[in-house]
Amino acid sequence: QVQLVESGGGLVQAGGSLRLSCVCPARNFSRYAWFRQAPGKEREFAAAISWSGADPKYADSVLGRFTISRDNLKNTVYLQMNDLKPEDTAAYYCAATIAYGRTFSSDYEYWGQGTQVTVSS
């Protein structure tokens with residue numbers, strides 16, 4: 001109901017690509033984001049975008065390799081991940097807010113269950 005649903009994770013070799021999808025409820029969210037969390041590490045910001053597609057933001061670690069986008073008609077947010085590295089291995093979470101979201105987990109009220117991305121060397 002209120003949860004977002006991620007999909008598209010899997011096991012890939014270094015240098016490969018994956019496209020994550022996040023199906024969102026039919027709701028007027030202001031901004032969407034992708035976070036990731038590796039075992040033993042804090043959840044970190046990866047990318048964010050407004051529902052209009054404006055103001056895309058990326059963490060330095062993924063800039064130039066990841067692209068966040070959205071399809072309003074399908075209520076879906078995507079994260080295209082290219083040139084994947086073992087360091088990208090983590091559980092990836094989609095998040096959304098009806099207010100203002102920056103790069104902090106606390107900025108987002110709605111979350112998905114996560115999808116695992118594993119990159120082998």
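One can find the structure itself at the top, above this paragraph.
Residues numbered from 1 in each chain as written. Predicted model: local features only at pLDDT ≥ 70, side-chain atom pairs only at ≥ 80, totals over all residues. Heavy atoms only, no water.

A. Geometry of the overall build of the chain. Along the backbone of the chain there are 0 helices and 11 strands. Listing each helix as α and each strand as β along the chain from the N terminus yields β-β-β-β-β-β-β-β-β-β-β. Taken over the C-alpha trace, the chain has a radius of gyration of 13 Å; the compact-globule value for 121 residues is 14 Å, and the two agree within 12%. Each of the three principal axes of the chain carries a C-alpha extent, and together these read 40 × 30 × 25 Å. Within the span of the chain, comprising 121 residues, buried residues form 43% of the whole. Excluding contacts between residues fewer than 6 apart, the proportion of contacts in the chain whose partners are at least 24 apart in sequence is 55%. (Helix = DSSP H or I, 4+ residues; strand = E, 2+ residues; numbered from the N terminus. Rg over C-alpha atoms; globule rule 2.2 N^0.38 Å. Buried < 20%, exposed > 50% of the residue type's maximum accessible area, 1.4 Å probe, protein only. Contact = heavy atoms within 4.5 Å.)

B. Here's a closer look at the state of the cysteines. If you walk through the whole model with that rule in mind, you get 1 disulfide. The disulfide partner of Cys 22 is Cys 94, and the gap between their sulfur atoms is 2.2 Å. On the sign convention where negative is left-handed, the bridge of Cys 22 and Cys 94, at about -85° about the S-S bond, is left-handed. Of this pair, Cys 22 sits in strand 3 (residues 18-23) while Cys 94 sits in strand 9 (residues 90-97), placing them 72 residues apart in sequence. With respect to class, Cys 22 is no different from Cys 94; both count as buried. (Disulfide = S-S within 2.5 Å.)

C. Representation of the sheet that holds strand 7 (residues 66-71) in the model. Ordered in space as 1-3-8-7, the 4 strands form an open sheet in which the pairing is antiparallel. Of all the strands in the sheet, just strand 1 (5-7) and strand 7 have a single pairing partner and so form its edges. Ignoring which end each strand starts from, the neighbouring axes of this sheet average 15° apart. Here strand 7 pairs with strand 8 (residues 76-81) via 6 bridges, running antiparallel. Residue pairing for strand 8: Arg 70 is matched across the bridge by Val 77. (Pairing = 2+ DSSP bridges. Axes fitted to C-alpha atoms, helices over the stretch in contact; angles between N-to-C directions.)

That's the geometry; what it means functionally is another story.
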